[in-house]
Amino acid sequence: MSSALKIYALFIGSALLMFGGGLQGLLLSVRGAEEHFSLTALGLIGTGWSVGFVAGSITVPMLVKRVGHIRAYSIMAAIGTVTILLNLLWINDVGWIVLRAFSGFCFAGAAMIVESWLNEVADNRSRGTIFSIYTTINMAASTVGQLAMSVTGTFGFMPFVVGAIAFICALLPSAMTSTPQPRPISSARLDVVLLYKTSPLAVIAAFACGMANGTFGTLAPVYGFKQNLDASTIAYLFAVTAVVGAVAQTPFGRLSDKIDRRLVIVGLSGFACLVGFLTVLLNPSNGLVMFILFGMYGFGAYPLYAIAVAHANDFAKDGEFGRVAGGMLLILGIGLAIGPIIASWVMNAIAPVGLFIVTATFHGALAVTAFLRMKVRPVRDATGRVRFRAMNSEKGVSPGTVELDPRAEEKQQTVARPVAQPATHVTEVVVPDPMQPMIVLEEETKTDTPPAGDDAATKPDTPPKD
């Protein structure tokens, strides 16, 4: 099997995985609302997925090391298929919370294994193209999976079976490959100290994006149901949000490559904040108004995380991309887990539209923080920046995605962090012109000890004592 065929096969497997994940995520929110699950239970279903995803990012590499990539991927696909079928057979709020955690765990593991294979077959020349295609396919397949609910509906067995078929078929490309086992997968590591030293704004941005997008992705379908929208309309509503958000990533990402990225973060998060409060004020029941508002939300909110990752790595030292991006993805996962719980309480206390109070609050906090950081830290000059790459901030990014990202291999100018240096005495000899006498230039750094005399500079330095 040629390298190109291997890559295309892995793209197909990843697309099927994202298709099933997009369908299952939207289906459980709407079907749970139809089954009269409480708002707290619906929020915890979203939390379960995020907890499982983070747990899988940390523990699946140990399973892969023990049984190998193909067997581990087979386990992930089998458990994922069983899980979505159990969602059909066991319609219970507590059961769905537990099962959703297993889904997130399996989804993280399967994605990491596919990405490790892609990372193995990619070389330095093709890595950027492969990463871009992979990201685009994932976003498109997830959107198509959400749209599939407009065809399958939410009642009966059909949507669950279609999702199960997608999950089990995602196993075939890796199972049929004859390539050697890829290198061991790296576990996600949370280095908060490094991440905060590199960019305090990155920590806040990752958490705020997780809180807002976790709330929106889990409970916005419930809001649509409460506004008497049918399953097809909700599916189209989320497809519009995803498409507009994906399209907005490239122009704003390129813009952030040219100007201060924090200025772009201020603009986008401020816009998303305004959209949230506007939705609260209008509380639309009309489908057209809701389509416009949801599209505006995706336009402002979805590019934020990818720009924040690029901003953090502008200030990272050479070789630190993986650790910084890995730390951000875990903080994003924490936000994705907490957001739906808080939003469900607000929706219970105020109204279903209260979920947008949560999104607006965290987007507003991010805008203010980014603006204040502009006053504290100067912008990184263009020669030392990393390039922007589109990323999915709604469902998290696995450590395998971080390794596949070509920025992990790129060299960049090192940003010096303040370190106390001892005083030095440097003598520089300038090679003279043949027609001119030799000139010896001496440069002294200031010290607390004054020179001993006029000839002090010509005396040899005293060797340091042990």
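Residues numbered from 1 in each chain as written. Predicted model: local features only at pLDDT ≥ 70, side-chain atom pairs only at ≥ 80, totals over all residues. Heavy atoms only, no water.

Asker: Help me understand unusual backbone geometry in this model?
Answerer: The phi torsion of most residues other than glycine is negative, and most of the peptide bonds are trans. Phi angles above zero are rare outside glycine, and H36 is one such case at about 65°. As for its placement among the helices and strands, H36 is situated in the loop between α1 (3–34) and α2 (39–67). (Helix = DSSP H or I, 4+ residues; strand = E, 2+ residues; numbered from the N terminus.)

Asker: Got a minute to help me understand the packing of aromatic side chains in this structure?
Answerer: To describe a pair of aromatic rings, you give the distance between the ring centres and the angle between the ring planes. Using the criterion set out here, one finds 15 aromatic pairs in the structure. A ring pair is formed by F216 and Y297, whose centres lie 4.2 Å apart and whose planes are at 15°; its orientation type is stacked. Of the two residues, F216 is situated in helix α9 (residues 200–226) and Y297 in helix α12 (residues 287–301); the sequence distance between them amounts to 81 residues. Residue F216 shares its accessibility class with Y297, and that shared class is buried. (Phe/Tyr/Trp six-rings, centres within 6.5 Å; stacked < 30°, edge-to-face > 60°. Buried < 20%, exposed > 50% of the residue type's maximum accessible area, 1.4 Å probe, protein only.)

Asker: How do you make sense of the pattern of salt bridges when you look at a structure like this?
Answerer: Close approach of charged atoms lets side chains of opposite charge pair. Per the stated rule, a full pass over the model turns up 3 salt bridges. A salt bridge links R31 to E35; its shortest N-O distance comes to 3.0 Å. The class of R31 is buried, set by a relative accessible area of 6%. By relative accessible area, which is 30% here, E35 ends up partly exposed. A salt bridge links R262 to D260; the nearest nitrogen and oxygen atoms lie 3.0 Å apart. Accessibility classification places R262 together with D260 in one group, the buried group. (Salt bridge = Lys/Arg side-chain N within 4 Å of Asp/Glu carboxyl O.)

Asker: Looking at this structure, how should I read the nonpolar core?
Answerer: Note that soluble globular proteins tend to have their nonpolar side chains buried in a common cluster. Core analysis: the biggest nonpolar cluster contains 74 residues, and L42, L118, M149, F216 and F294 have the highest contact counts within it. Ranked by residue count, the leading element in this core is α1, at 12 residues. When sequence neighbours within four positions are dropped, the list of residues in contact with F294 reads F216, A220, Y223, L237, F238, T241 and F356. Counting residues in each nonpolar core, the second largest holds 29 residues, with A202, F252, Y305 and M328 among its members. (Core = buried A, V, L, I, M, F, W, Y, C linked by side-chain atoms within 4.5 Å. Contact = heavy atoms within 4.5 Å.)

Asker: Please explain the packing of α9 against α12 as it appears in this structure.
Answerer: Each packed pair of helices is defined by two parameters, the angle between the axes and the distance between the axes. Close contact between α9 and α12 brings their axes to 12 Å; oriented N to C, the two are set at 165°. By the angle between their directions, the pair α9 and α12 is classed as roughly antiparallel. In this structure, α9 crosses over α12, and the sense of that crossing is left-handed. Across the interface between the two elements, A212, N213, F216, A220 and Y223 from α9 touch M290, F294, Y297 and A301 from α12. Considering only residue class, the contact of α9 with α12 consists of 8 nonpolar, 1 polar and no charged. (Axes fitted to C-alpha atoms, helices over the stretch in contact; angles between N-to-C directions. Parallel < 35°, antiparallel > 145°, perpendicular 65-115°, else oblique. Left-handed = near helix turned anticlockwise from the far one by under 90°. Nonpolar A, V, L, I, M, F, W, Y, C, P; charged D, E, K, R; others polar.)

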